[in-house]
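The lines below spell out each chain.
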Amino acid sequence: MHELSIASSIVDSVTESLAAYPGARVVEVRLRLGALAAVIEDSLQFCYGIATEGTPLAGSRLRVHVQPVVVHCARCGHLGALPGVQSFRCPSCGEPAHDVRQGRELEIEAIELEEPEIQA
Amino acid sequence: MNTRIVELRQGILKKNDELARALRQRFTAAGVLVLNLVSSPGTGKTTFLERTLRTLRESGDRVAALVGDLETDNDARRLAASGAPARQINTHGICHLEAEMVGRHLDGWDLSALDYLFIENVGNLVCPSSYDLGERIRVALLSVTEGEDKPLKYPTLFNSADAAVITKIDLAGPCGFDRAAALHHLNEIRPGIRVFETSAKTGVGMADWLDYLKAERQGRSAG
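Remember, predicted model here, so these are calculated numbers, not experimental data.

Rules used throughout
- Residues numbered from 1 in each chain as written.
- Chains lettered and ligands numbered in written order.
- Predicted model: local features only at pLDDT ≥ 70, side-chain atom pairs only at ≥ 80, totals over all residues.
- Helix = DSSP H or I, 4+ residues; strand = E, 2+ residues; numbered from the N terminus.
- Buried ≥ 20, exposed ≤ 12 C-beta atoms within 10 Å, placed from the backbone.
- Contact = placed C-beta atoms within 7 Å.
- Pairing = 2+ DSSP bridges.
- Axes fitted to C-alpha atoms, helices over the stretch in contact; angles between N-to-C directions.
- Nonpolar A, V, L, I, M, F, W, Y, C, P; charged D, E, K, R; others polar.
- Parallel < 35°, antiparallel > 145°, perpendicular 65-115°, else oblique.
- Left-handed = near helix turned anticlockwise from the far one by under 90°.
- Core = buried A, V, L, I, M, F, W, Y, C linked by C-beta atoms within 7 Å.
- Expected span 1.5 Å × (residues − 1).

Caption draft 1: Looking closely at the overall build of chain B. The number of helices and strands found in chain B is nine helices and eight strands. When the backbone C-alpha atoms are referred to their principal axes, chain B occupies close to 70 × 40 × 40 Å. Here chain B holds 223 residues, and 47% of them are scored as buried. In chain B, the share of contacts with a sequence separation of at least 24, taken over all contacts with a separation of at least 6, comes to 74%.

Shown next, in the form of structure tokens:
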């Protein structure tokens, strides 16, 4: 439901970064999205199209890399990815594990730009 | 044309996170314990909070509340009836509170004159989970009328909670509420979470909840 505000925040952040690359066109924006980020990719893609209209990001692709939840087990010390988000237990020994080390990311990883050739 | 990859590694909610961090510092410096109450609409956040405010005031604690809704100031008026200062945040369509809205509604309040500040979020079990408000304790509420599997359906929110409150426990019988299943699901999603089983109507379970608040606040002063 808040995907439109997420999409607008992406547009703002990327537009800010573009100041350093005059004349560049945004081809792709790469996101890291944790399985616990509470963002639905389909809705985000839809909102991205709307939010980028009339901005330097118009026509660019949004590529989403979903990150699994990784927990650290207090009992056996195992650090491992959970198969889903329905049970927070150590994937190695089965002990309940609430120490979440990855999976909440909502981050712009990188942007791919096309820049005009610099004439010598 | 040349292609260039620019690494950004930037949090999308960076602005909110920065504002929340500043608020948390302000709250800590003022010595006020701040809680963010989150649930679906109709869980009974406002009724639960009314009773909490009233009881804390009776025992001499200084409390205040901010309450978020899309429209109307009905809830702020209900909470203010407890005698505690209460302010409404109308989000006009936004499905969650953000740190900036909280900051804006603190104007004129002396935080150091407060023991507890409760922030009642917009009724929604999805979006509020991504927005840090600078709180120290996030409380997820769940009523017996909603079904025991709410934590499984909304794992992000329940996993991010520090405590859970089961509300309307007086209706558990008529609703056929499966208490063991609810507790099991809460613990699958957030192992070790503190759970309070309450009825703001009859007062059941409220004493445990208030003891928890006081202990958390004392821990804060001691720390």
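Caption draft 2: Up close: the sheet that holds strand β6 (residues 106–115) of chain A. An order of β2(A)-β1(A)-β6(A)-β1(B) is seen for the four strands of this open sheet, with the pairing classed as mixed. For this open sheet the edge positions go to β2 (61–67) of chain A together with β1 (2–11) of chain B, each flanked by a neighbour on one side alone. Here the average twist between neighbouring strands, direction ignored, is 20°. In the sheet, β6 of chain A pairs with β1 of chain B via eight bridges, with the strands oriented antiparallel. The partner of isoleucine 111 of chain A across the bridge, within β1 of chain B, is valine 6 of chain B.

Caption draft 3: Local environment of the interface of chain B and chain A. Across the contact, 29 residues belong to chain B and 30 residues belong to chain A. Listed by contribution, the elements that provide at least two residues to the side of chain B that touches chain A are β1, α6 (155–159) and α8 (179–189) of chain B. Element by element, the count of residues in the side of chain B that touches chain A is highest for β1 of chain B, at ten residues. Across the side of chain B that touches chain A, the residue classes break down as 13 nonpolar, eleven polar and five charged.

Caption draft 4: Representation of the packing of helix α1 (residues 3–18) of chain A against helix α2 (residues 41–52) of chain A within the structure. Residue and element names in this part refer to chain A. Closest axis-to-axis distance for the α1/α2 pair is 8 Å, and the angle between their directions is 50°. As summarised for this structure, α1 and α2 are arranged oblique, according to the angle between their axes. Viewed along their axes, α1 and α2 form a crossing whose handedness is right-handed. Here Glu3, Leu4, Ile6, Ala7, Ser8 and Val11 of α1 come into contact with α2, specifically with Ser43, Leu44, Cys47, Tyr48, Ala51 and Thr52. Partitioning the contact of α1 with α2 into residue classes produces eight nonpolar, three polar and one charged.

Caption draft 5: Fine view of the nonpolar core. One finds Ala65, Tyr116, Ile119 and Ala140 of chain B to be the most contacted residues of the largest nonpolar core, which totals 90 residues. Ignoring any residue separated from it by four or fewer positions in sequence, one finds alanine 65 of chain B in contact with Leu49, Leu53, Leu79, Ala84, Ala86, Phe118 and Glu120 of chain B.

Caption draft 6: Quick look at the environment of arginine 194 of chain B. Residues and elements named next belong to chain B. Looking at where arginine 194 falls in the secondary structure, it is placed in strand β8 (residues 194–197). For arginine 194 and valine 139, which are 55 residues apart along the polypeptide, the C-alpha to C-alpha distance reads 9.6 Å. When sequence neighbours within four positions are dropped, the list of residues in contact with arginine 194 reads Ala163 and Tyr212.

Caption draft 7: Here's a closer look at helix α2 (residues 45–58) of chain B. Residue and element names in this part refer to chain B. Helix length check: α2 (14 residues) gives 20 Å between terminal C-alpha atoms against 20 Å at 1.5 Å per residue, within 8%. For α2, every residue scored as buried is listed here: Lys45, Thr46, Phe48, Leu49, Glu50, Arg51, Thr52, Leu53 and Leu56. At the exit of α2 stands glycine 60, carrying a positive phi of roughly 90°.

Any functional reading would require information that these geometric values do not contain.
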